[in-house]
Amino acid sequence: MAQETDAPQVPPTAPTAPARALLPFILPAVAVGVAASLVFVGVSAAAEGLQHVLWGALPDALGVGRYSVPWMFTMLIATGLAVGLVVWKVPGHAGPDPATLALSTRVMAPAVLPGLVLATGLMLAGGPSLGPENPIIAVNVGLAVWLGARLMPRTPGTLWPVLAEAATIGALFGTPVAAALVISEALAGRPMRGRLWDNVFAPLTAGACGAMTTALVARPTFDLGLPPMGHAHAKDLLAALVIASAAAVLGMCAVHAFPYVHAAFQRLRHPMLMLPAGGAVLGALGALGGHLTLFKGLSEVEELSRDPEGWTAGQFAAMAVVKLAALLVAASCGFRGGRIFPAVFIGSALGLCAHALVPAVHPAVGVATGVLGMLLAVTRQAWVSLFTAAVLVTSPGLLALLCIASLPAWLLVTGRPQMQLCADGTPVR
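Predicted, not measured: the structure shown is a model, and the values here were computed from it. (Residues numbered from 1 in each chain as written. Predicted model: local features only at pLDDT ≥ 70, side-chain atom pairs only at ≥ 80, totals over all residues. Heavy atoms only, no water.)

Scanning the chain from N- to C-terminus turns up 16 helices and 0 strands. For the chain, whose C-alpha radius of gyration is 22 Å, the value lies close to the compact-globule estimate of 22 Å for 429 residues. Taking the principal axes of its C-alpha atoms as reference, the chain extends roughly 95 × 60 × 45 Å. By the burial criterion, 51% of the 429 residues in the chain qualify as buried. A fraction of 76% describes how many contacts in the chain between residues 6 or more apart in sequence connect residues 24 or more apart. Summed over its atoms, the accessible surface of the chain is roughly 18700 Å², and 68% of this surface lies on carbon and sulfur atoms. Of the charged side chains in the chain, 21 are positive and 17 negative; the average position of the first set lies 11 Å away from that of the second. (Helix = DSSP H or I, 4+ residues; strand = E, 2+ residues; numbered from the N terminus. Rg over C-alpha atoms; globule rule 2.2 N^0.38 Å. Buried < 20%, exposed > 50% of the residue type's maximum accessible area, 1.4 Å probe, protein only. Contact = heavy atoms within 4.5 Å. Areas by Shrake-Rupley, 256 points an atom, 1.4 Å probe, with all protein chains shown as cover. Lys, Arg positive; Asp, Glu negative; His and termini not counted. Charge placed at Lys NZ, Arg CZ, Asp CG, Glu CD.)

For the rest of this paragraph, the subject is the nonpolar core. By size, the foremost hydrophobic cluster in this structure holds 120 residues, and its most contacted members are F173 and F335. Ranked by residue count, the leading element in this core is helix α12 (residues 313-333), at 13 residues. For F335, the contacting residues outside a window of four places in its chain are T79, G80, V83, P98, M123, P128, L130, L275, G279, L282 and A330. (Core = buried A, V, L, I, M, F, W, Y, C linked by side-chain atoms within 4.5 Å.)

Its 16 residues give helix α16 (residues 398-413) an end-to-end C-alpha distance of 22 Å, which sits within 8% of 22 Å, the value for a rise of 1.5 Å per residue. The axis of α16 is deflected most strongly, by about 30°, at L407, and proline P408 appears within four residues downstream. Along α16, the positions that sit buried rather than exposed are L398, L401, L402, A405, S406, A409 and V413. In the stretch just after α16, G415 is the one whose phi turns positive, near 80°. (Expected span 1.5 Å × (residues − 1). Bend = angle between axes of the 7 residues up to and from the residue.)

Bringing the side chain of H262 into the picture now. Secondary-structure assignment places H262 in helix α9 (residues 234-266). Not counting the four nearest positions on each side in its chain, H262 is found in contact with D97, A99, S332 and L421.

Two elements in contact, helix α4 (residues 113-126) and helix α5 (residues 133-151), have axes separated by 10 Å at closest approach and are oriented at 160°. Overall, the two elements α4 and α5 adopt an arrangement that is roughly antiparallel. Regarding α4 and α5, the two cross each other, and that crossing is left-handed. Here L113, L116, V117 and T120 of α4 come into contact with α5, specifically with P135, A138, V139, G142 and L143. Taken together, the residues of the contact of α4 with α5 sort by class into 7 nonpolar, 2 polar and no charged. (Axes fitted to C-alpha atoms, helices over the stretch in contact; angles between N-to-C directions. Parallel < 35°, antiparallel > 145°, perpendicular 65-115°, else oblique. Left-handed = near helix turned anticlockwise from the far one by under 90°. Nonpolar A, V, L, I, M, F, W, Y, C, P; charged D, E, K, R; others polar.)

In this section: the environment of W311. For W311, the position within the fold is in the loop between α11 (298-306) and α12. Not counting chain neighbours up to four residues away, the residues in contact with W311 comprise L292, E303, L304, F316, M319 and A356.

On the surface, a nonpolar cluster with roughly 520 Å² of combined accessible area is contributed by V30, V34, L38, M212, L216 and V217. In this structure, V30 sits in helix α2 (residues 26-62). When its relative accessible area of 30% is taken as the criterion, V30 is described as partly exposed. (Patch = residues over 30% accessible without salt bridge, like charges linked within 9 Å, V, L, I, M, F, W, Y side chains within 5 Å. Salt bridge = Lys/Arg side-chain N within 4 Å of Asp/Glu carboxyl O.)

Turning to the packing of aromatic side chains, a few remarks are in order. Counted by the stated rule, this structure contains 5 aromatic pairs. Here K296 stacks its cationic end above the ring of F341, 5.6 Å away from the centre of that ring. Between K323 and the ring centre of F345, over which it is positioned, the NZ or CZ distance is 5.3 Å. (Phe/Tyr/Trp six-rings, centres within 6.5 Å; stacked < 30°, edge-to-face > 60°. Lys NZ or Arg CZ within 6 Å of the ring centre and 35° of its normal.)

Once that is clear, we can look at the packing of α2 against α5. Between α2 and α5, the shortest axis-to-axis distance is 10 Å and the interhelical angle comes to 140°. Our classification of the angle between α2 and α5 gives oblique. Here α2 and α5 pass one another in a crossing that is right-handed. For the pair α2 and α5, contact is made by A36, V39, F40 and V43 and by I136, V139, N140 and L143, respectively. Taken together, the residues of the contact of α2 with α5 break down into 7 nonpolar, 1 polar and no charged.

Our focus in this paragraph is unusual backbone geometry. Look at A94: it is not a glycine, yet its phi comes out positive at around 55°. By secondary structure assignment, the location of A94 is in the loop between α3 (69-89) and α4. A relative accessible area of 1% places A94 in the buried class.

With respect to the helices and strands, G366 occurs in helix α14 (residues 363-379). Relative accessible area serves as the criterion here: at 0%, G366 is assigned to the buried category. For the pair formed by G366 and L352, sequence separation is 14 residues and the distance between their alpha carbons is 6.0 Å.

As far as function goes, none of this settles anything; it's purely spatial.
As C-alpha cells, then:
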C-alpha cells in the first residue's frame, strides 16, 4: 500500500478574543474619543477667533492692509516673540524640541500641557506654516494617561496613549478610517497577541467617537470640490507616476535640508532669539509667496482649488516652493505644530502646477498625487498619505492610481532620513 504523503501544514491562526474581553474597553474608548475631539475643536476654535482679530479686526482698526508686507512681518515676528516667551517662561517649556517629535509622541507630564496648548494656539493664529496635529495628539495623550490612571485605574496603562492617538487622528480627519490605518501600521512593528481586528477594536471605537464628535460640533470637510475624474486612462496613470515621484523628490530636498536649518537656529541658543528670527524669515517668505502661503494651509488650499485656472504654472510653483521653505523654517526654529496640513497645500499647488503646464493632466489627478508624494516624503506615514490624498477629491477611480503611484514614490523615500531629528540633531532614519 502506497504511503500517504503528508498534507501541507497550515500555519495556526491566532484565536479571536471573546466579546467579554473587548467590552470593558468600550467605555474608556468612547470617553477618550469625545474628550480628544473637544480638545481639538476647542483649541482650533480659539485659534481661529484670535486669527480673525489679529489678521482682520486689528489691522482694519489700525488702517493697514490685512496682508500687507509690513503687517505680515509684524505679526510673524510678534508670534515668534509670544511663542518664545511661552517656551522660555511657562512651566514645562511647551514640551521638547518639536523637531524631535513625530505624529506618534511620547507621554508628556501634565505640567507641560498648558504651555503646549498656549504655544500651539498662538502659532495657529499667528501665521506660521504648521498644523495642529502633533501638539494636539501630544496634549490628548498626556491628558488621557493622567486622567485615565486616576479615574479608571483598572484599565491597562498602555491602552490610554493608543486610544488618545486614534481619537485625535479620527477627530483631525473626520473619519475613524485614518485612525485605524495608522494604528494598524504601528501594530505591524510590535509583538501582537490575537487577531488584528481585536487589537484595533478599542482604538477604532475611540477614533469613531472622535470623528463623530467633530462632525457634530464642527462639520469639517476635506473635499476640495475639484471636478471628478471619471474613468482613468493611460495618460492619467503616467501623470500620477510622474507627479507623485516629483513631489516626493521635492519633499526629500526639504528633508535633507532640515538638520542644517535646525542647527542654524539652534546656534541662537535661546527661544526668545530663535522664534522671532524664524518669524522674520517667515515674514519674508510670506511677502514673497503671498498670504496663501501663511497658516496651516487647509483653508488656503480650498481657495486654490476653487479656481484651478486662476493662476499660472509659475505662480503655483512659486507658492509650492515658498510654502515648503516656510514649513522647513517653522519646523526648525521651535514653533509647536505638525507638518501634514502644510504638506497638503504644497502637494496641491504642485498638482495644480502640473495641470497648468499640461492641461491634459486632470486637476484631481494632479492634486491627489502631488499630495501623496509630498506627504510620503515629509511624514513617512504611508497610510496617512494615501488616505489624505484620496479624501481630497471625490473620484473613486483615483484610488487605484494612488496605490500605483505610491510605489515609485515610496522607493524614493524609504530608508532615507526623515523630517525628524534625534536629540543630538542627527536625522531619524
